[in-house]
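# What the coordinates show
Residue strings, one per chain:
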Amino acid sequence: MAGAVHDNLKSTDMTRGQSPPSPDTMGDILTDFPSGPLDKYRKRASFDWKKMKLFLEGEEIMRFKMHVSKTLEADPLFARSFERLSLEQLREVAFRQARRLFEYNFLTPDERKSEPLKRRSLGFVLQMYDQSMSAKHGLSVQMFGATVMNSGSARHQEFVDKCHKMDLWGCFALTELSHGSNTKAMRTTATYDPDTQEFVLNTPDFEATKIWVGNLGKTATHTVLYAQLYTPDGKCHGLHSFVVPIRDPRTLLALPGVFVGDMGEKLGQNGLDNGFLAFNSLRIPRENLLNRTGDVSPDGKYVTPYKDPNKRFGASLGALSGGRVGITGMCVANLQMCMPIAIRYSAVRRQFGPPSAKEEIPVLEYQLQQWRLLPYLAATYALEEFSKTFFMDFVSLQIGAMMGDKSERQNELGREIHAMSCASKPLAGWTARDAVQECREACGGHGYIKVNRLGEIRDDNDPNCTYEGDNNVILQQTSNYILSKVQSAAENGGVISSPVGSVNFLSDMKAILKTHFSANSIEECGNSEVSLAAYRWLVCYLVQESTAKIKQELAIKDAFTARNDSQAYYCRSLALAYIQHVALQRFHNLAHNPETPADLQPVLQKMCALYGLWSLEKHLATLYEGGYITGGQPTKLIRSSILHLCGLLKDDAVALVDVIAPTDFILNSPIGKSDGQIYKNLYGAIMQGPKVLERPDWWREFCNKPVVGSLKNSKL
């Protein structure tokens, strides 16, 4: 059944496979950009950017995103300003904007279920406008509401309904002061009292305080709380989730037995109020236990449909897989903001030029600038295709669960998506982190000024590398999955396969390990199959080496230490190579799909080849170590091909970012605006700052001159 659901969902992926409408008939949303300094590059493009955008997104999604963008732009509450707000003001504005989203109700609860790609697109637009506001709304509606719906039962529907009407404001409390990644070690307790049919919640000491909870600092009225469940016989049944009221919705005052507060200013996303939470014998009804994976009867008996406690525990944390899938998309949204800013700026900014030139040349013409930026542009396209298709894989898993699918395929799909999400979040998070920093530096000093937004994007992206699992820690989940699949096949003599197919090629491991790098020219490297073949070998080699490393460590160490000492250069590299292969394969499938318009295929194929070679270059040492590459020529060929592809894509770069860029209002970057008037826009933004032309209020301090050396011999 899950397979059929999965196939049906795939068929809804935009308009691919159908005859798309012509860009000429969509002039209301596919308007020409203002004429200006970017015209020269736009005219050089080898493809029609409107046709590309229509192909990648589809008309319905494009119209929906434009509707949301224009609605926000027309609302004074969302008006852009260069005014510097205090922390309290940031929190208030973010909340008022998040509350307004309930009034617009862009997607009803039913539409969120039936039109998942619209749900994803809405998240992209809101995040691009402001990540704090988007997070405030999403943590309540998506993280709280969806977790209650997916982890609970019919008895919890009232909480979901109240969440969608903003009768409550939700959050998600898992992490504690002294424990994050090790979820099994959380120490908040929920002890069942059969006399009153209530759970009694307690925080044993300050180190067990729930912390880093978004929405909790000032506004959340309810939380999904993870706590150790104890039955009256004193037995602990492990971590379970509960719906817990923490503030009076009418006053926002903490309830008796609840100690809740705000964590203060962070490096970014300061419109979001992260908070801490502790309990002193707070009582909640028995029914507040989210009982999809386990329940307690009125007389205190624990019941669960899972015989294996580890499987129950994994299912109870299913919300985290969804969170990691979402974070992967959030990182892509950050890429889709920083790349248009840096590419448009580079196409207009002129510096130096050959002695014979009459004028300076755009910095985008310099090979070094191309090498710095264009691979990240290719990565943006690759990770968007991966993120979108992976999101639909996750949706199929959700629908299977909602339909009660207990098949082995459904279980395997859950394991595979868990493994993929534990690697996709690190890949997307680190790629966005590095891309934003490179874009900031590539824009020189103008990239450092706050109004151009690159600093904000960088700081707001930073937590993506940590929450829902520290990147380096969760990569171990991915390598464990891969190695277990290989080991199981070796012991049982079966083929290696998975529902999404991410590990299927490992069945041919012996044959793959006999292959070598065979490309002999730049033209051959222009085919992404060259990189795909190298990645298949790389994953197989790292499986072999990681297995041998763990075996070697086990001979002298306990299993826990042996695993820990096999991560760097082995299991960690395996997990990253695996997900890079998956992302590249999906982009390759898109670029080479016969249903992809013929006039769009060439530029997509160049981008795919560039992403493959650029990401592969980081693994050259391992490719040499294992003998896939020998001699110096392959390295020179790979690097020459990267530079060659950058040169070929240079004239398409502006059109490529025109495809992915949000509206100017949403992007909100003077040097990233679509008109290309980087100096006019930046100068105007600077002049709009508060007190730009005024002397400081403390100007008299300047007139109070110091007595030089007067404190030199003073004694403290």
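Residues numbered from 1 in each chain as written. Predicted model: local features only at pLDDT ≥ 70, side-chain atom pairs only at ≥ 80, totals over all residues. Heavy atoms only, no water.

## What to know about the pairing of strand E8 (residues 274-285)
Heads up, the rule is: At least two DSSP bridges between two strands are required for those strands to pair. Numbering of helices and strands runs from the N terminus, with a helix taken as a DSSP run of H or I at least four residues long and a strand as a DSSP run of E at least two residues long.
Bridge count between strand E3 (residues 198-202) and E8: five bridges; the pairing is antiparallel. In the sheet register, Val200 faces E8, and the bridge partner there is Arg283. Relative to E8, strand E4 (residues 210-214) is paired through three bridges, and the arrangement is antiparallel. Note on E8: the bridge partner recorded for Val213 is Gly275.

## Brief notes about the confidence of the model for the protein chain
Using the following cut-off: Per-residue confidence from the predictor is reported as pLDDT, which spans 0 to 100. By the convention used here, residues are in contact when the closest approach between their heavy atoms is within 4.5 Å.
The predicted model of the protein chain has a mean per-residue pLDDT of 93, with 95% of residues at 70 or higher. Throughout residues 1-15 the model reports pLDDT below 50, and contacts reaching past four residues in sequence, or to other chains, amount to 34 contacts.

## Side note on the nonpolar core
Our working definition: Only buried Ala, Val, Leu, Ile, Met, Phe, Trp, Tyr and Cys residues count toward a nonpolar core, and they belong to the same one when joined by side-chain atoms within 4.5 Å. When accessible area is computed with a 1.4 Å probe and restricted to protein chains, residues below 20% of their type maximum are described as buried, those above 50% as exposed, and intermediate ones as partly exposed.
Within the largest apolar cluster, 159 residues are counted, with the highest numbers of intra-cluster contacts made by Leu72, Leu377, Tyr381, Leu506 and Tyr611. If near-sequence neighbours (up to four positions away) are discounted, Tyr381 is found in contact with Leu56, Phe587, Leu604, Met607, Leu656, Val659 and Ile660. Counting 24 residues, the second largest nonpolar core, distinct from the first, contains Tyr192, Leu225, Leu277 and Leu289.

## Considerations on the packing of aromatic side chains
Note the cut-off: Ring pairs are drawn from Phe, Tyr and Trp, using the six-membered ring of Trp, whenever the two centres fall within 6.5 Å, and their geometry is named by plane angle: stacked under 30 degrees, edge-to-face over 60, tilted for the rest. Any Lys NZ or Arg CZ that is within 6 Å of a ring centre and within 35 degrees of that ring's normal is treated as a charge sitting over the ring.
Summed over the entire model, instances satisfying the criterion amount to 16 aromatic pairs. Residues Tyr104 and Phe106 carry aromatic rings whose centres are separated by 5.4 Å and whose planes lie at 20° to one another, so their mutual orientation is stacked. Looking at Phe106, the relative accessible area reads 12%, which means it is buried. Consider the rings of Trp537 and Tyr541, whose centres lie 4.9 Å apart with planes at 10°: the pair is stacked. Of this pair, Trp537 and Tyr541 both sit in helix H18 (residues 529-554), separated by four residues, roughly a single helical turn. Comparing Trp537 with Tyr541, the two get one shared label, buried. Through pairs of rings, three or more aromatic residues link up here, namely Phe517, Trp537, Tyr541 and Tyr628. Here the guanidinium or amino end of Arg80 rests over the ring plane of Phe665, the centre of that ring lying 5.4 Å away.

## Description of a nonpolar patch on the surface
Heads up, the condition is: Any residue with relative accessible area above 30% and no salt bridge may belong to a patch, with like charges joined within 9 Å and the nonpolar Val, Leu, Ile, Met, Phe, Trp and Tyr side chains within 5 Å. For the area figures, the Shrake-Rupley method with a 1.4 Å probe applies, and any residue is considered shielded solely by the protein chains shown. Any Lys or Arg side-chain nitrogen located within 4 Å of an Asp or Glu carboxyl oxygen qualifies as a salt bridge.
On the surface, a cluster of nonpolar side chains totalling about 570 Å² of accessible area is made up of Ile449, Tyr683, Ile686, Met687, Val692 and Leu693. Topologically, Tyr683 is positioned in helix H26 (residues 678-687).

## Some details on unusual backbone geometry
Here the phi dihedral of Asn215 falls at roughly 85°; this positive angle occurs in a residue that is not glycine. Following the sequence through the fold, Asn215 ends up in the loop between E4 and strand E5 (222-230).

## Observations concerning the environment of Ala568
With respect to the helices and strands, the residue Ala568 is situated in helix H20 (residues 567-591). Since its relative accessible area comes to 52%, Ala568 is described here as exposed.

## Focus: the pairing of strand E6 (residues 236-245)
The element E6 is extensively covered by neighbouring structure, given that eight of its 10 residues are classed as buried. Adjacent in sequence and paired antiparallel, E5 and E6 are bridged by five residues, among which Gly234 carries a positive phi angle near 85°.

## As for the pattern of salt bridges
One pass over the full model with this rule turns up 43 salt bridges. Across the salt bridge formed by Lys136 and Asp273, the nearest N and O atoms sit 2.7 Å from each other. Placement of the pair is Lys136 in helix H8 (residues 131-151) and Asp273 in the loop between strand E7 (258-262) and E8, with a sequence separation of 137 residues. Relative accessible area serves as the criterion here: at 1%, Asp273 is assigned to the buried category. Of the charged contacts, one joins Asp295 and Arg155 as a salt bridge, the two residues approaching to 3.2 Å between their closest N and O atoms. One end of the pair, Asp295, is in strand E9 (residues 295-296); the other, Arg155, is in the loop between H8 and helix H9 (157-164), and 140 residues separate them in sequence.

## Brief notes about the environment of Asn150
With respect to the secondary-structure elements, Asn150 resides in helix H8. Separated by 129 residues in sequence, Asn150 and Pro21 have C-alpha atoms that sit 37 Å apart.

## A few points about the packing of helix H12 (residues 367-402) against helix H23 (residues 633-649)
As a reminder of what qualifies: Convention adopted: a line fitted to C-alpha atoms gives each axis, helices being fitted over their contacting stretch, and angles between N-to-C directions are expressed from 0 to 180 degrees. Working rule for angles: under 35 degrees goes down as roughly parallel, over 145 as roughly antiparallel, 65 to 115 as roughly perpendicular, anything else as oblique. The nonpolar class holds Ala, Val, Leu, Ile, Met, Phe, Trp, Tyr, Cys and Pro. Asp, Glu, Lys and Arg form the charged class, and all remaining residues, Gly among them, are polar.
Running from amino to carboxyl end, H12 crosses H23 at an angle of 90°, the nearest separation of the two axes being 9 Å. With respect to H23, the element H12 is oriented roughly perpendicular. For the pair H12 and H23, contact is made by Gln367, Gln370, Trp371, Leu374 and Pro375 and by Ile642, Leu643, Cys646, Gly647 and Leu649, respectively. Its residues placed into classes, the contact of H12 with H23 shows seven nonpolar, three polar and no charged.

## Some words on H12
Applicable threshold: Here a helix's expected span is defined as the number of its residues, less one, multiplied by 1.5 Å. The bend at a residue is defined as the angle formed between two axes, one fitted to the seven residues ending at that residue and one fitted to the seven starting there.
When the terminal C-alpha atoms of H12 are compared, their 52 Å separation across 36 residues agrees well with the 52 Å that a helix rising 1.5 Å per residue should span. Leu373 marks the point of greatest bend in H12, at about 30°, and the proline Pro375 comes within the next four residues. Here H12 lies mainly inside the structure; 29 of its 36 residues are buried. A positive phi of about 75° marks Gly404, the residue just after H12.

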